[in-house]
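Residue-level listing of the chains:
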Amino acid sequence: MARVSGKIALVTGGASGLGRATSELLAAEGATVVLTDLQDDQGEEVAEGIRAAGGTAGYYHHDVTDEKAWEKVVGEVLAEHGRLDILVNNAGIGGGGVPVDEMSLEYWRQIMSVNLDGVFLGVKHGVRAMLETGGAIINISSVLGLVGLPNTAAYAASKGGVRLLTKAVAIECAARGLDIRVCSVHPGFIDTPMVGAAIQRGGPERRQAILNSQPTGQMGEPRDIAEGILYLASDAAKFVSGSELIIDGGYVAR
Ligand SMILES: NC(=O)c1ccc[n+]([C@@H]2O[C@H](COP(=O)([O-])OP(=O)(O)OC[C@H]3O[C@@H](n4cnc5c(N)ncnc54)[C@H](O)[C@@H]3O)[C@@H](O)[C@H]2O)c1
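Now for a look at the structure at hand. (Residues numbered from 1 in each chain as written. Predicted model: local features only at pLDDT ≥ 70, side-chain atom pairs only at ≥ 80, totals over all residues. Heavy atoms only, no water.)

Description of the nonpolar core
No. 1: Residues L26, V33, I138 and V185 are the most contacted members of the largest nonpolar core, which totals 33 residues.
No. 2: When residues in this core are grouped by element, the largest group, six residues, is from helix α8 (residues 222-233).
No. 3: In this structure, L26 is in contact with V4, A9, V11, A31, V33, V88, L230 and A233, ignoring residues within four places of it in sequence.
No. 4: Ranked by size, the runner-up nonpolar core spans 27 residues in total, among them V34, V64, I137 and A170. (Core = buried A, V, L, I, M, F, W, Y, C linked by side-chain atoms within 4.5 Å. Buried < 20%, exposed > 50% of the residue type's maximum accessible area, 1.4 Å probe, protein only. Helix = DSSP H or I, 4+ residues; strand = E, 2+ residues; numbered from the N terminus. Contact = heavy atoms within 4.5 Å.)

Re the site of the ligand
No. 1: The immediate surroundings of the ligand are formed by 28 residues, with S16, D37, Y155, I190 and T192 found nearest.
No. 2: One of the side-chain N or O atoms of Y155 is found 2.6 Å from an oxygen atom in the ligand.
No. 3: Note that an oxygen atom of the ligand is positioned 2.5 Å from one of the side-chain N or O atoms of T192.
No. 4: When the free accessible area of the ligand is taken as 820 Å², the share hidden by the protein chains comes to 92%.
No. 5: For the shell around the ligand, the secondary structure elements donating two or more residues are α1 (17-28), α5 (153-175) and α6 (193-202).
No. 6: In terms of residue count, the dominant contributor to the shell around the ligand is α6 (three residues).
No. 7: Residues of the shell around the ligand, tallied by class, amount to 14 nonpolar, eleven polar and three charged. (Near = heavy atom within 4 Å. Polar contact = N/O pair within 3.5 Å; in protein donor to acceptor, adjacent residues only side chain to side chain. Areas by Shrake-Rupley, 256 points an atom, 1.4 Å probe, with all protein chains shown as cover. Nonpolar A, V, L, I, M, F, W, Y, C, P; charged D, E, K, R; others polar.)

Points about the pairing of strand β5 (residues 135-140)
No. 1: Counted residue by residue, β5 has six buried out of six residues, so it is predominantly covered.
No. 2: Residue alternation in β5 divides its side chains into two sets, G135, I137 and N139 and A136, I138 and I140, and both sets are buried.
No. 3: With four bridges connecting them, strand β4 (residues 86-89) and β5 associate as parallel partners. By the bridge assignment for β5, L87 is matched with I137.
No. 4: In the classification by handedness, the crossover that spans β4, the intervening helix α4 (residues 105-130) and the parallel β5 is right-handed.
No. 5: Bridging between β5 and strand β6 (residues 180-187) involves six bridges; their strand directions are parallel. Counterpart to I140 in the pairing with β6 is V185.
No. 6: The parallel pair β5 and β6, bridged by α5, forms a crossover whose chirality is right-handed. (Pairing = 2+ DSSP bridges. Right-handed = clockwise from strand over helix to strand, strands pointing away.)

Quick look at helix α3 (residues 67-81)
It helps to recall that an α-helix has 3.6 residues per turn; residues three or four apart then point in one direction.
No. 1: Given a rise of 1.5 Å per residue, 15 residues ought to cover 21 Å, and the 21 Å separating the end C-alpha atoms of α3 matches this to within 8%.
No. 2: Listed in full, the buried residues belonging to α3 are A69, W70, V73, V74 and V77. Buried residues in α3, looked at end-on, bunch into an arc of 120°, giving them a common side. Facing away from the buried side of α3 by more than 90 degrees, the exposed set consists of K68, K72 and A79. (Expected span 1.5 Å × (residues − 1). Arc of directions from axis to C-beta.)

Some thoughts on a negative patch on the surface
No. 1: Residues D40, D41, E44 and E45 make up a contiguous surface patch of negative charge.
No. 2: Judged by its relative accessible area of 56%, E45 is exposed. (Patch = residues over 30% accessible without salt bridge, like charges linked within 9 Å, V, L, I, M, F, W, Y side chains within 5 Å. Salt bridge = Lys/Arg side-chain N within 4 Å of Asp/Glu carboxyl O. Lys, Arg positive; Asp, Glu negative; His and termini not counted. Charge placed at Lys NZ, Arg CZ, Asp CG, Glu CD.)

Re the packing of aromatic side chains
No. 1: Using the criterion set out here, one finds one aromatic pair in the structure.
No. 2: Taking NZ or CZ as reference, R254 lies 5.4 Å from the ring centre of Y251, over its face. (Phe/Tyr/Trp six-rings, centres within 6.5 Å; stacked < 30°, edge-to-face > 60°. Lys NZ or Arg CZ within 6 Å of the ring centre and 35° of its normal.)

A short note on the pattern of salt bridges
No. 1: Across all of its chains, the model carries twelve salt bridges by this definition.
No. 2: For R20, the salt bridge is made with E24, and the minimal N-O distance between the two is 3.0 Å. Note that R20 and E24 are positioned in helix α1 at a spacing of four residues, about one turn of the helix.
No. 3: Residue classification places R20 among the partly exposed residues on the basis of a relative accessible area of 35%.

By themselves, these are just geometric observations and shouldn't be taken as functional.
Here you go:
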């Protein structure tokens with residue numbers, strides 16, 4: 001069954017990890033997918049893979065921290081496809097292992113810039129694009145937007161910001177009578193290059209510590225998150241807005 005058949009979707013950070021799995025699943029379920037990223041070769045490869053599997057996809061270079069780039073990408077989607085139905089604000093950078101009293105303002109601002117400013121710009125230009133036609137905006141937060149973890153002050157603050165930005169805009173859209181749903185997704189630890197990089201920095205003990213912190217003893221797979229995003233993007237979620245979907249193997253249930 002094609003659950004997002006005929007819809008036009010924009011996925012940021014689509015070249016890797018969760019964004020890649022989401023782009024592939026939305027396309028397999030009938031959406032036309034525009035995926036964007038900074039990693040051009042990988043992004044083109046993902047789009048090519050989707051087309052080779054019979055789907056419809058294109059890739060754009062797009063820095064989510066740059067408002068002019070948002071105007072350009074959304075403008076091109078509207079010019080080419082006539083509307084935007086689904087926006088997945090997924091691009092993000094990791095951050096951890098830095099005690100707050102050793103954290104530079106530059107580091108803090110870099111994480112905020114991608115993880116929070118980038119989502120704000122996406123929501124702003126996504127809502128503009130959806131004013132007439134409606135749509136669904138899905139913002140990727142984290143379990144670290146819900147609960148604390150030592151040495152992650154900037155990352156956790158950025159993801160907590162995404163959670164409430166989402167809720168504020170969801171009820172703002174409802175109050176304005178706009179048919180735009182806005183939700184956040186809170187992945188637990190998922191085996192992607194971002195987590196791989198953290199493990200590389202911390203060594204094998206870091207990997208074991210992550211596994212030990214999981215109720216199931218396992219990390220999730222990118223597809224586990226893509227399935228939740230697909231649901232929120234589909235008409236099956238037509239009464240779902242301002243919600244936070246936690247997909248974490250029980251990490252925050254304890
Ligand atoms: N993997 C996890 O365990 C996990 C858990 C919770 C939340 N998340 C969130 O999920 C999202 C995806 O993470 P992932 O694990 O797939 O990471 P990833 O590193 O595999 O993919 C992130 C992608 O975002 C792109 N990106 C980074 N900065 C960008 C920018 N300024 N403009 C455009 N693209 C940019 C990267 O090039 C990369 O392709 C992030 O927002 C991350 O914080 C991941």
